[in-house]
Amino acid sequence: MFRIAPTLTRLPRLTRALSSEVSFALSEEQHAIQDLARKFTREEIVPLAAEYDRSMAYPWPIIEKAHETGLLNLHVPEKYGGPGLSLLSCALVSEEIAYGCTGMQTAMEAIGLAEAPVIVAGNEEQIQKYLGRMTEAPLVAAYGVTEPDAGSDVAGIRTTAKKVGENWVLNGTKMWITNAGHANWFFVLAKSDASAKPSQGMTGFIVDADTPGIHLGKKEINMGQRCSDTRMVTFEEVVVPPQNVLGKEGEGFKIAMKAFDITRPLVSSAAVGLAQRALEEAVKYAQGRKTMGKPIIEHQAVAFILADMAIQTEAARNLVWKSAWTKDAGLPNTFYASIAKTFASRTAVENANQAVQVFGGAGFNTEYPVEKLYRDSKIFELYEGTSQIQRLVISRSLAGLYPAE
Ligand SMILES: Cc1cc2nc3c(=O)[nH]c(=O)nc-3n(C[C@H](O)[C@H](O)[C@H](O)COP(=O)(O)OP(=O)(O)OC[C@H]3O[C@@H](n4cnc5c(N)ncnc54)[C@H](O)[C@@H]3O)c2cc1C
C-alpha cells in the first residue's frame, strides 16, 4: 500500500476528495473479469486475428461470443442489464482484448463510445431502450461526430438539425465512423442553432440505423485494424423524434466531449494491450534467435530495447489506471485521460516499431505477428482526439493548476 504520491498533492482538487490510500491491488472481482477477458482473448481472438486482418471481415462471430461471455457493454449499469463495472475494471478488459487484436477491440470499444453519451446524458426511457437492447442481444452502435472537414475541430461540424413540427430533421455527412456498416443505432452530433456558439449550438441525437435517409459509404481500407468497419455516413432528411434528443437542446457538444472522459481511458488501455503484446513477442523472439553465437537477448543493445519497452508499458498502464481510478472516484479526469491517451498511444507505436526492429527482417513479414502490431498501432495517436489535441487539453489545464505567483 502506498501513501498519496507527491505529484498528487500538488493537485488540490484531487487530494481534497482523496480519503483512502492508493493501492495497485485489484479486487477479486477485477481479477476475475481480467482472467475471463484474458482467457477469451487467448482462445477466441489470438488464433483468428491474422485471418481477420487479411480478410478484413467484420468480426461478428467474435462480437457475438464476447456478448455471450459477458465482455461487452461493461459500463452499462446493472439496472439496465449490464454489469455496471467501474471504469478501471473496463480498462482491464479493454487491455486484454487489445492484446489479441486491436481491430476487434476497436469494433467492441466503438460500442462503448456510442453508449457513453447515453450514459452521460440519457434519460430513463432512452437508457432503458437503447442500452437495454445492447445488453439483451449482440448489437453494435456507432458514434458519429467527425465529418470530412471537421475532425479535431469539432466546433466546425456542418451537419444540421432543424426542427420541423415536433420532430428534428438531420442533414449532413459524417466521416470515419467506426461500426457504421453494422450499427443498430448512431449517436449523432449536429448543429441545431447556427447563430449560437458551438458549446451551445449543437445537439446530440440517438438515431436508429434503419431510419430512412441514412446512406452508408463503402468500408474504408485502412492501414491497420482492418477488420474494424469505418465508413462515411450521409444523413439526408433523416427524421428523428423529440424523444431521441440527448440531454437538452444545445448541450450536444458538452455531451460528446464528456463521453471522452469514459472512453479515452479505455482507448488508452487498448494501446497498452498492444504495447504489452509487442513487448512479449519481442522478448520471446529474442531468446530464440541467435547471432554471433548467442541469443540476441544477450546482446546489450537488444536487451536495452526490451527494457525500454517494458518501462514504457508499465508507465503507460499506470497512467491508464490513474485516469480510470480518478473517474471512478467521482473526480474530474479529463486531464488524466488526455495524459494517459497521449502516453499510451505513443508507447503502442514505439513498442510496435521496436518489436519489428528486434525481429529483424522477419518483423517485416506477414507470417510473424509484429508487422500487424506496427500497422495497428498508429491509429491510437489519431482517433478519439489526436496526440496534438490531447496536448491542447492538457496544456489548457496547466495555468489553472499552477497559477503564477
Ligand atoms: C480508423 C478511424 C476510426 C475513427 N472512428 C471514429 C468514430 O467512430 N467516430 C467519430 O466521430 N470519428 C472517428 N474517427 C475520426 C477521428 O477521431 C479523427 O480522424 C481525428 O479526430 C482527427 O481528425 P481529422 O482526421 O479531421 O484530422 P485534422 O483535424 O484535419 O488534423 C490533421 C492534423 O492537424 C493536427 N491539428 C489539428 N488541429 C490542431 C490544433 N488546433 N492544434 C494542433 N494540431 C492540430 C492534428 O493533430 C493532425 O495531426 C476515426 C478515424 C479513423 C481514422
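What counts, and at which threshold
- Residues numbered from 1 in each chain as written.
- Predicted model: local features only at pLDDT ≥ 70, side-chain atom pairs only at ≥ 80, totals over all residues.
- Helix = DSSP H or I, 4+ residues; strand = E, 2+ residues; numbered from the N terminus.
- Rg over C-alpha atoms; globule rule 2.2 N^0.38 Å.
- Contact = placed C-beta atoms within 7 Å.
- Domains from an automatic or database assignment.
- Axes fitted to C-alpha atoms, helices over the stretch in contact; angles between N-to-C directions.
- Left-handed = near helix turned anticlockwise from the far one by under 90°.
- Nonpolar A, V, L, I, M, F, W, Y, C, P; charged D, E, K, R; others polar.
- Near = placed C-beta within 6 Å.
- UniProt positions renumbered as here; feature names shortened; annotations may be inferred.
- Expected span 1.5 Å × (residues − 1).
- Bend = angle between axes of the 7 residues up to and from the residue.
- Buried ≥ 20, exposed ≤ 12 C-beta atoms within 10 Å, placed from the backbone.
- Parallel < 35°, antiparallel > 145°, perpendicular 65-115°, else oblique.
- pLDDT = per-residue confidence, 0-100.
- Core = buried A, V, L, I, M, F, W, Y, C linked by C-beta atoms within 7 Å.
- Pairing = 2+ DSSP bridges.

Caption draft 1: A look at the overall build of the protein chain. Helix and strand counts for the protein chain come out as 13 helices and 10 strands. Its C-alpha atoms give the protein chain a radius of gyration of 22 Å, within 12% of the compact-globule value 22 Å for 405 residues. Taken along the three principal axes of its C-alpha coordinates, the protein chain extends 80 × 55 × 40 Å. Contacts spanning at least 24 positions in sequence make up 74% of the contacts within the protein chain whose residues lie at least 6 apart.

Caption draft 2: Structural view of the domain arrangement of the protein chain. Taken as a whole, the protein chain is organised into domain 1 (25–139), domain 2 (143–249) and domain 3 (254–401). Taken residue by residue, the interface counts 23 residues in domain 1 and 18 residues in domain 2.

Caption draft 3: How the structure looks around the packing of helix α5 (residues 87–100) against helix α9 (residues 252–288). Running from amino to carboxyl end, α5 crosses α9 at an angle of 35°, the nearest separation of the two axes being 7 Å. Crossing of α5 against α9: the hand is right-handed. Side by side, α5 and α9 meet where Leu87, Cys90, Ala91, Ser94, Glu95, Glu96, Ile97, Ala98 and Tyr99 of the first sit next to Ile262, Pro265, Leu266, Ser269, Ala270, Val272, Gly273, Leu274, Gln276 and Arg277 of the second. Tallied by class, residues from the contact of α5 with α9 come to 12 nonpolar, 4 polar and 3 charged.

Caption draft 4: The site of the ligand, seen in detail. Around the ligand, the surrounding shell holds 23 residues, and the nearest of these are Thr146, Gly151, Ser152, Thr386 and Gln388. At the level of secondary structure, the elements contributing two or more residues to the shell around the ligand comprise β1 (140–144), β3 (167–178) and α13 (387–401). Looking at the shell around the ligand, you find at least three residues from each of domain 2 (143–249) and domain 3 (254–401).

Caption draft 5: Main features of the UniProt feature "domain: Acyl-CoA dehydrogenase/oxidase N-terminal" (unreviewed entry) in the protein chain. UniProt's entry tags residues 27–135 with the feature "domain: Acyl-CoA dehydrogenase/oxidase N-terminal" (unreviewed entry), counted in the numbering of this structure. From the first C-alpha to the last, residues 27–135 spans 24 Å; its make-up is 77% helix and 0% strand.

Caption draft 6: Helix α6 (residues 102–121), seen in detail. With 20 residues, α6 extends 28 Å between its outermost C-alpha atoms, agreeing within 8% with the 28 Å of an ideal straight helix rising 1.5 Å per residue. Where α6 bends most, the angle comes to about 30°, and this point is glutamate 115, followed within four residues by the proline proline 117. A large share of α6 lies buried, amounting to 19 of its 20 residues.

Caption draft 7: Focus on the environment of valine 46. Tracing the sequence through the fold places valine 46 in helix α3 (residues 28–55). Under the C-beta neighbour-count criterion, valine 46 is labelled partly exposed, with 15 such atoms within 10 Å. Residues valine 46 and glycine 100, 54 residues apart in the sequence, show an inter-C-alpha distance of 4.8 Å. In this structure, valine 46 is in contact with Thr41 and Gly100, ignoring residues within four places of it in sequence.

Caption draft 8: Focus on the environment of phenylalanine 186. Here phenylalanine 186 shows up in strand β4 (residues 183–191). Owing to 26 C-beta atoms within 10 Å, phenylalanine 186 belongs among the buried residues under this scheme. Here the alpha-carbon distance between phenylalanine 186 and glutamate 405, two residues 219 residues apart in the chain, equals 48 Å.

Caption draft 9: Up close: the packing of α6 against helix α7 (residues 124–136). Relative to each other, α6 and α7 sit at 165°, their axes nearing to 10 Å. Considering the angle they form, α6 stands roughly antiparallel to α7. Here the hand of the crossing between α6 and α7 comes out left-handed. Contacts between α6 and α7 involve Ile111, Glu115 and Val118 from the former and Gln126, Ile127, Tyr130, Leu131 and Met134 from the latter. Each residue belonging to the contact of α6 with α7 can be placed in one class, and the counts come to 6 nonpolar, 1 polar and 1 charged.

Caption draft 10: A look at the UniProt feature "domain: Acyl-CoA oxidase/dehydrogenase middle" (unreviewed entry) in the protein chain. According to UniProt, the "domain: Acyl-CoA oxidase/dehydrogenase middle" (unreviewed entry) feature falls on residues 142–238. Helix makes up 4% of residues 142–238 and strand 49%, with an end-to-end C-alpha separation of 16 Å.

Caption draft 11: Focus on the confidence of the model for the protein chain. Within the protein chain, residue pLDDT values average 94, and 95% of them lie at 70 or more. In this model, residues 1–13 is a region of pLDDT below 50 whose contacts with residues beyond four sequence positions or in other chains number 16 contacts.

Caption draft 12: Structural detail: the nonpolar core. In terms of nonpolar packing, the biggest core is built from 120 residues, with Leu170, Phe205, Ala271, Ala278 and Ala352 touching the most fellow members. The element best represented in this core is α9, accounting for 18 residues. Beyond its immediate stretch of four places on either side in the chain, alanine 352 contacts Leu274, Ala278, Val370, Leu373, Tyr374 and Ser377.

Caption draft 13: Broad picture of the pairing of strand β2 (residues 160–164). Alignment of β2 against β3, held across 5 bridges, turns out to be antiparallel. Paired with valine 164 across the two strands is asparagine 167, which belongs to β3. In this structure, the hairpin formed by β2 and β3 is closed by a connection of 2 residues, where glycine 165 is found at a positive phi of approximately 65°.

Caption draft 14: Spatial organisation of unusual backbone geometry. With a phi close to 55°, asparagine 73 is a non-glycine residue in the positive phi region. When you line up the elements, asparagine 73 lands in the loop between α4 (60–69) and α5.

Caption draft 15: Region of interest: the pairing of strand β5 (residues 202–208). Of all 7 residues that make up β5, 6 are buried, and the element is covered over most of its length. Bridging between β5 and strand β8 (residues 245–246) involves 2 bridges; their strand directions are antiparallel. Its bridge partner being in β8, phenylalanine 205 is matched across the sheet by valine 245.

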